[in-house]
Amino acid sequence: MHAPGNTLRSQERMEQSTGYRIDELARRFGLEARGDATRVIRGVAPLAHAQCDQLAFLANPRYASDLACTRAGVVVLRAEHADASPVPVLVASDPYLAYARLAALFEHAPASEPGIHASAVVAADAQIDASASVGPGCVIESGSVIGPGVVLGAYCVIGPDCTVGAQARLGAHVTLVTRVALGKRVLVHPGAVIGADGFGLARDQEGWVKVPQLGGVRIGDDCEIGANTTIDRGALEDTVLEDDVRLDNQIQIAHNVQIGAHTALAGCAAVAGSAKIGSNCQIGGSAGVLGHLEVADGVTITAMTLVTHSIRSSGVYSSGAPLEENHAWRRNAARMRQLDAMARRIAALEKQVEALTKERS
Amino acid sequence: MHAPGNTLRSQERMEQSTGYRIDELARRFGLEARGDATRVIRGVAPLAHAQCDQLAFLANPRYASDLACTRAGVVVLRAEHADASPVPVLVASDPYLAYARLAALFEHAPASEPGIHASAVVAADAQIDASASVGPGCVIESGSVIGPGVVLGAYCVIGPDCTVGAQARLGAHVTLVTRVALGKRVLVHPGAVIGADGFGLARDQEGWVKVPQLGGVRIGDDCEIGANTTIDRGALEDTVLEDDVRLDNQIQIAHNVQIGAHTALAGCAAVAGSAKIGSNCQIGGSAGVLGHLEVADGVTITAMTLVTHSIRSSGVYSSGAPLEENHAWRRNAARMRQLDAMARRIAALEKQVEALTKERS
Amino acid sequence: MHAPGNTLRSQERMEQSTGYRIDELARRFGLEARGDATRVIRGVAPLAHAQCDQLAFLANPRYASDLACTRAGVVVLRAEHADASPVPVLVASDPYLAYARLAALFEHAPASEPGIHASAVVAADAQIDASASVGPGCVIESGSVIGPGVVLGAYCVIGPDCTVGAQARLGAHVTLVTRVALGKRVLVHPGAVIGADGFGLARDQEGWVKVPQLGGVRIGDDCEIGANTTIDRGALEDTVLEDDVRLDNQIQIAHNVQIGAHTALAGCAAVAGSAKIGSNCQIGGSAGVLGHLEVADGVTITAMTLVTHSIRSSGVYSSGAPLEENHAWRRNAARMRQLDAMARRIAALEKQVEALTKERS
């Protein structure tokens, strides 16, 4: 491995950052400080490696053993762990949530100069707010509107009739194909493609006939779209993501899908055409939802599960067969093909045994 | 949600578009018109929301309930639904196919000026037809040929020794790595990568040894390649897609795969090296086909199925365990690991019961 | 199909390439030559189609039938097949490995001129070795270091604080987002995104709160990263791939994952956050590994398997239900939901039968 410089650099960055006293952090985020609250914190680090000017957190009990020997400046944790800490603590009912907010103080988002890079290609009738930052080589086509504070990374291609809401940030190589509207503060990671043709095909004698895809895509405020994720535009109406939907990398959202607010999908999940997913759902990695189905609010789907029918009530749902050593798996999997026959044999046995039992009495 | 302007714009576009009388549409597409056939149609819309100058269709019975209260100018439907329509109809044996052709009249593909954008980087010996449109920043390397009427979106990178057939359209950020040939009218969506190295590795004591990938990729006429889909070039011979193959988004086609004409793969499907898939197959979303297998013509594979052996006859094939509420699933999945033992216990019971039954008589 | 020119071109290229006598090849690679070793070889081709100046190989017995009628100049094969060859042979204990090395002689990697393309956008403080080749439109941001002999394809975007090791080659449209370090000779195929934000979310009353992703990505020497693959940067520590890790296309590696040396993942595999995979593992296509798990060294995971618990010892592991014709599959899958009940019925029968058997005696 040849990359020590990397980690070093990011740690230096921490040291340079402004410091905050622990009691100041407690006040700002409504947390209870215990121990010497006058220490100054200049960055964040993992519990096991944090220095005396860095903040660490303990949320997952899996890592509780790291607490005893931590040298962190302060640890964010639940009350139950406070006494076990050798260093000052900030007590939080949800340490991970508290950490998320605290860490933001120490994050250094690359500053982006407002203005349009000389190499960008912008249509005469595109509207770009003066406070927006348009990176090298961006293409912005006719009828598109780029809002205030927007940052477009290098080589973003914004097709015709798109709108990008205030403070949205697009990484490099993001493509909005056509009729795509992004809400405020939307974050899109590199390589995502939003608004490509839905996969609509009719069949005649000669072969496939493409169905025109005349809709668009509407993405609400505060959504996050992962790297190389694809979201197709609707056939007639729009594909819709409501506010605060979070998509990980390499997710596929087909045409006319609707996803409710605060729903999150993990990496490589796929949702087929016209499926309607409720709000506050969590879809696991590599899971799939078939077309035209409905999934209720508050549903959790575990990883690599295939949703083959609509789900009407909240809860946790799964499919799939369990992990096994390959030889055992082969034996059991072969029996899967005999499962219906096995069930019939059990029923037959039950009849025979009932008969034998009757006779006896 | 902050994107009304978007939908509005696309509807305005409809209104501006040229109109067609219903009887004219009937004549042009060989359909039977019923009701007032003099109405003028200027666009298409969903059955539930169509206006009096818009065409709608009813194919999926799931949406039949929308017919009674539609205000569409005309509805394309099967004869059996005609009497139930409150508005004029166009009767078609396959309404979805008829709609696909009708809707094309109202589609407004972005016009592309012939010519090479000033920012494109073109090799001295590349041949680009005068009627082709080469977008901003496209790179066209040595020995490549761009045919008549081709449209290359922004930042397409066409590597050495590639050919792009007449009227092909490539979206933004498409990469043809090397030795890739696209047929006529091929449509490639943004971010697709065609012709990258196949994943060929040999092993020695020190580690992996890369196997040179010396083949290419040949894609027939009228194929469609989805956004962020990847198709590797062959190790020695070419990876081949025959005419009218349709690939959705984020599909992975490994080196030396062959796919027959008119076969369609849905999103996130993956085909491993040297697999040979017949013509007129349909592969569901997130499905997989293992390497070196053969799949016959006319095979349908359901979503998230893994094809682990060759399929010799047409039909529908599936794998996987069904969706359940998680607690029930856990109980049943645990038994999967006991399935072979269960089968043996059933056989033992059958012997004992047979013995008991014999004795009794 | 309209792409004959393609294959022709690559064959011409073979003919033009320098020739090597068979005995020279034998000496150079420590192989035993049998038959006329004075023939000159100018390229490689499949056993079935090779010409008299081309080298072919036979590794997979599946293709042994092609040997009898091959017209290749020489065939690389195991001793057991030598006598069956109508043409000269090179005997190797591992013909595929020997072929990998031999074929490299005939590969024509596109030569890349050292220097920075005029259209590239390079930060004042970026360090680019004079022997590196920086393609059209590349963007190299502040604090990044590009090593000797590196080749960056068109439109690579190298974000802040990245390092690219000597002789690394990046295809077109590769994005290194921030704090990414690539080792020596790393090969990255087009569209890969390395170092994007990990998918870290905390939840409060209003909705999701983004967890800052402050780590980086460290990739060892000789790694290969497939087209459109995504590797997220760590939340606090780095995501790490050790030396000689090989990733196929469209793989998703989440934040804080660690992958040991010489491990290979096939297309569309996904590894969730903080999972730790050992060295010399092979993960099949479309397989998944859940978060925070550990997988031992030397583990093989078959295609589309979901790893739901840590694996402590080397071996082959699988999950999933087998492929069946759809009607049979439906019958059996329905029984999956009754599996626990079936097991209880078997236990009940065993009790009853035991009772009946006792009585009888």
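Our subject is the structure that appears above.
These lines cover the structure that appears in this document, whether it is placed above or below.

What counts and what doesn't
The numbers attached to residues start from 1 for each chain and follow its sequence in the written order. All chains are assigned letters beginning with A, and all ligands numbers beginning with 1, in the order in which they are written. Residues qualify for local features only when their pLDDT is at least 70, as the model is predicted, and side-chain atom pairs are given and counted only at 80 or more; totals for whole chains, interfaces and linings, by contrast, use all residues. With hydrogens and water stripped out, all remaining heavy atoms of the structure feed into the side-chain values. In this comparison the copies share one frame, found by least squares on the C-alpha atoms of residues holding pLDDT of at least 70 in both. Two rings from Phe, Tyr or Trp (for Trp, the six-membered ring) form a pair when their centres sit within 6.5 Å of each other. Planes less than 30 degrees apart are called stacked, planes more than 60 degrees apart edge-to-face, and all others tilted. Working definition: helices are DSSP H or I runs of at least four residues, strands are E runs of at least two. Numbering for both runs from the N terminus. In this scheme, a residue with accessible area under 20% of its type's maximum is buried, one over 50% is exposed, and one in between is partly exposed, where area comes from a 1.4 Å probe on protein chains only. Only lysine NZ and arginine CZ atoms are considered, and such an atom sits over a ring when it is within 6 Å of the ring centre and within 35 degrees of the ring normal. Residue contacts are counted whenever heavy atoms from the two residues lie within 4.5 Å of one another. Whether a set of points on the 1 Å grid over the protein atoms alone is a cavity depends on a 1.4 Å probe fitting there but being unable to get out, while an open set qualifies as a pocket with protein on both sides within 12 Å along at least five of seven lines; lining residues are those with an atom within 4 Å of a point. Grid points are joined across faces, edges and corners, and a volume is the space filled by probe spheres set on the points. Each residue is assigned to one of three groups, with Ala, Val, Leu, Ile, Met, Phe, Trp, Tyr, Cys and Pro labelled nonpolar, Asp, Glu, Lys and Arg labelled charged, and all others, Gly among them, labelled polar. A quick way to say it: buried area is the sum, across both parts, of accessible area lost when two parts are put together, with a 1.4 Å probe. Salt-bridge detection follows one rule: a side-chain nitrogen of Lys or Arg within 4 Å of a carboxyl oxygen of Asp or Glu. Pairing of N or O atoms within 3.5 Å defines a polar contact, subject to two protein rules: one partner must be a possible hydrogen donor and the other a possible acceptor, and residues neighboring in sequence count only if both atoms are side-chain atoms. Pairing between strands requires that DSSP locate at least two bridges from one strand to the other. Every axis in this analysis is a line fitted to C-alpha atoms, fitted for helices over the stretch in contact. Angles between the N-to-C directions lie between 0 and 180 degrees. Comment on the angle field: the value is read as roughly parallel under 35 degrees, roughly antiparallel over 145, roughly perpendicular from 65 to 115, and oblique elsewhere.

### Concerning the relation of the copies chain A and chain B
- Between the two copies, chain A and chain B, the superposition gives an RMSD of 0.1 Å; the rotation angle is 120° and the shift along the axis is 0.0 Å. Here the copies are linked by what is in effect a three-fold axis.

### What to know about the packing of aromatic side chains
- Scanning all chains against the criterion turns up 12 aromatic pairs over all chains.
- Aromatic side chains Tyr-155 of chain A and Tyr-155 of chain C sit 4.8 Å apart centroid to centroid with 70° between the ring planes, which places their arrangement in the edge-to-face category. With Tyr-155 of chain A in the loop between β14 (151-152) and β15 (157-158) and Tyr-155 of chain C in the loop between β14 (151-152) and β15 (157-158), the pair connects residues from two separate chains. The pair Tyr-155 of chain A / Tyr-155 of chain C is uniform in exposure class, with both members buried.
- Ring geometry for Tyr-20 of chain C versus Phe-106 of chain C: centroids 5.5 Å apart, planes at 90°, classification edge-to-face. Taken together, the residues span a long stretch of sequence, with Tyr-20 of chain C in strand β1 (residues 20-21) and Phe-106 of chain C in the loop between α4 (95-104) and β8 (115-116) at a distance of 86 residues. The pair Tyr-20 of chain C / Phe-106 of chain C is uniform in exposure class, with both members buried.
- What links up through ring pairs into an aromatic cluster is the set Phe-57, Tyr-96 and Tyr-99 of chain A.
- Above the face of the Trp-208 of chain B ring, Arg-203 of chain B is positioned so that its terminal group lies 4.9 Å from the ring centre.

### Points about the environment of Asp-197 of chain C
- Checked against the element boundaries, Asp-197 of chain C lands in the loop between β21 (193-196) and β22 (201-203).
- On the accessibility criterion, Asp-197 of chain C (14% relative accessible area) is buried.
- Considered as a pair, Asp-197 of chain C and Lys-210 of chain C are 13 residues apart in the sequence and their alpha carbons are 10.0 Å apart.
- Residues contacting Asp-197 of chain C, with those up to four places away along its chain left out, are Leu-187, His-189 and Glu-224 of chain A together with Lys-210, Gln-213, Asp-232 and Arg-233 of chain C.

### Thoughts on the environment of Gly-191 of chain C
- When you line up the elements, Gly-191 of chain C lands in the loop between β20 (187-188) and β21.
- Residue class for Gly-191 of chain C comes out buried when judged on its relative accessible area of 10%.
- Taking the C-alpha atoms as reference points, Gly-191 of chain C and Cys-156 of chain C, 35 residues apart in sequence, are found 8.9 Å from one another.
- Dropping the residues within four chain positions of it, Gly-191 of chain C is found in contact with Asn-228 of chain A together with Ala-172, His-173, Val-174, Asn-228 and Thr-229 of chain C.

### With respect to empty space enclosed by the protein
- Evaluated as defined, the whole model comprises 3 cavities of 30 Å³ or more.
- In terms of lining residues, the largest cavity is bounded by 13 residues, among which Cys-268 of chain A, Cys-268 and Ser-286 of chain B together with Cys-268 and Ser-286 of chain C are the most central.
- Here the residues of the lining of the largest cavity sort into 7 nonpolar, 6 polar and no charged.
- What lines the second largest cavity is a set of 16 residues, and nearest its centre among them are Gly-191 of chain A, His-173, Gly-191 and Asn-228 of chain B together with Gly-191 of chain C.

### Comments concerning the interface of chain A and chain B
- Every contact between the two is made by 93 residues of chain A and, on the other side, 80 residues of chain B.
- Around 7000 Å² of area is buried between chain A and chain B when both sides are counted, 62% of it from carbon and sulfur atoms.
- Viewed at the interface, chain B and chain A are joined by 5 salt bridges.
- Our count for the contact surface shared by chain A and chain B stands at 29 residue pairs in polar contact (both at pLDDT 80 or more).
- Sorting elements by how many residues they give to the side of chain A that touches chain B places helix α6 (residues 339-360) of chain A first, with 9 residues.
- The residue inventory of the side of chain A that touches chain B, partitioned by class, reads 44 nonpolar, 28 polar and 21 charged.
- Across 2 bridges, strand β39 (residues 315-318) of chain A lies against strand β40 (residues 324-325) of chain B in antiparallel orientation. Along β40 of chain B, the bridge assignment pairs Ser-318 of chain A with Glu-324 of chain B.

### Focus: the interface of chain C and chain A
- With 93 residues of chain C in contact, the opposing surface of chain A contributes 80 residues.
- On the chain C side of the interface with chain A, the three residues burying the most area are Phe-199, Trp-208 and Leu-236 of chain C, jointly 10% of the side's total.
- Linking chain C with chain A are 5 salt bridges.
- Its salt-bridge partner being Asp-204 of chain C, residue Arg-101 of chain A comes within 2.6 Å of it at the nearest N-O pair.
- Where chain C meets chain A, there are 30 residue pairs in polar contact (both at pLDDT 80 or more).
- Here the residues of the side of chain C that touches chain A are counted per class, giving 44 nonpolar, 28 polar and 21 charged.

### Overview of the packing of helix α5 (residues 326-336) of chain B against helix α6 (residues 339-360) of chain C
- Direction vectors running N to C along α5 of chain B and α6 of chain C enclose 60°, while the axes themselves pass 7 Å from each other. Comparing their axes, α6 of chain C and α5 of chain B come out oblique. Between α5 of chain B, through Arg-331, Asn-332, Arg-335 and Met-336 of chain B, and α6 of chain C, the contact on the second element is made entirely by Leu-339, Asp-340, Ala-343 and Arg-344 of chain C.
- Within the contact of α5 of chain B with α6 of chain C, the residues separate by chemical class into 3 nonpolar, 1 polar and 4 charged.

### Quick look at the sheet that holds strand β6 (residues 74-77) of chain B
Residues and elements named next belong to chain B.
- The 5 strands lie next to each other as β2-β7-β6-β5-β4, forming an open sheet whose pairing is mixed. The open sheet terminates on both sides in strands that have one partner only, identified here as β2 (32-34) and β4 (43-44).
- In this fold helix α2 (residues 22-29) packs onto β2, β5 (54-57), β6 and β7 (89-91), with an angle of close to 10° to the strand it touches most, β7.

### Structural notes on the pairing of strand β6 (residues 74-77) of chain C
Residues and elements named next belong to chain C.
- Side chains of β6 alternate between two faces, with Val-74 and Val-76 and Val-75 and Leu-77 buried alike.
- Pairing between strand β5 (residues 54-57) and β6: 3 bridges, direction parallel. Note that in β6 the partner of Ala-56 across the bridge is Val-75.
- Bridging between β6 and strand β7 (residues 89-91) involves 3 bridges; their strand directions are parallel. Among the inter-strand pairings, Leu-77 is bridged to a residue of β7, identified as Val-91.

Note that all results are geometric; they support no functional claim without further evidence.
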